[in-house]
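Spelled out, the chains give:
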Amino acid sequence: VSFELFVRPAIRALQGHVSPLPPFRPGRLARSLRRNPARAELVRARSSVVNGAVELDPVSGQESHMIARAAGADTLVLVPAGEEPLEPGEAVSYLPLA
């Protein structure tokens, strides 16, 4: 994950790519997510296609010591900072990992 977010974009920028950042894609949440009021976060999730749209289901236990649960994740959902939770069906951006 760190490689995709930091190292690959740095290498691409050094190679002269105009758009070196990872390509986030649009999707919809399968269930609600709490937001951190102080900062944006990347949350591990599983993706599936429902009615032609990508649906993202956050895995429970986002803490770093819960590695077994993280193994099932195939995407990172960008959760912007804010007070109100994100509701099911809300549009979000995600980064595919697989």
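For the structure itself, look to the data block above.
What you are looking at is a predicted structure, and each value in this text was computed from that prediction instead of being measured.

**A short note on unusual backbone geometry**
Unusually for a residue other than glycine, Asn51 sits at a positive phi of about 55 degrees. Within the fold, Asn51 resides in the loop between β2 (41-50) and β3 (53-58).

**Some words on the pattern of salt bridges**
Within this structure, the stated rule accounts for 3 salt bridges. Notably, a salt bridge pairs Glu41 with Arg39, separated by 3.4 Å at the nearest N-O pair.

**Digging into the sheet that holds strand β1 (residues 25-29)**
What the 5 strands build is a closed barrel, ordered β1-β3-β2-β4-β5; its pairing is mixed. Averaged over all neighbouring strand pairs, the angle between strand axes comes to 55 degrees, with direction disregarded. Across 5 bridges, β2 lies against strand β4 (residues 75-79) in antiparallel orientation. Within β4, the position partnered with Val43 by the bridge is Val77.

Criteria and thresholds
Residues numbered from 1 in each chain as written. Predicted model: local features only at pLDDT ≥ 70, side-chain atom pairs only at ≥ 80, totals over all residues. Heavy atoms only, no water. Helix = DSSP H or I, 4+ residues; strand = E, 2+ residues; numbered from the N terminus. Salt bridge = Lys/Arg side-chain N within 4 Å of Asp/Glu carboxyl O. Pairing = 2+ DSSP bridges. Axes fitted to C-alpha atoms, helices over the stretch in contact; angles between N-to-C directions.

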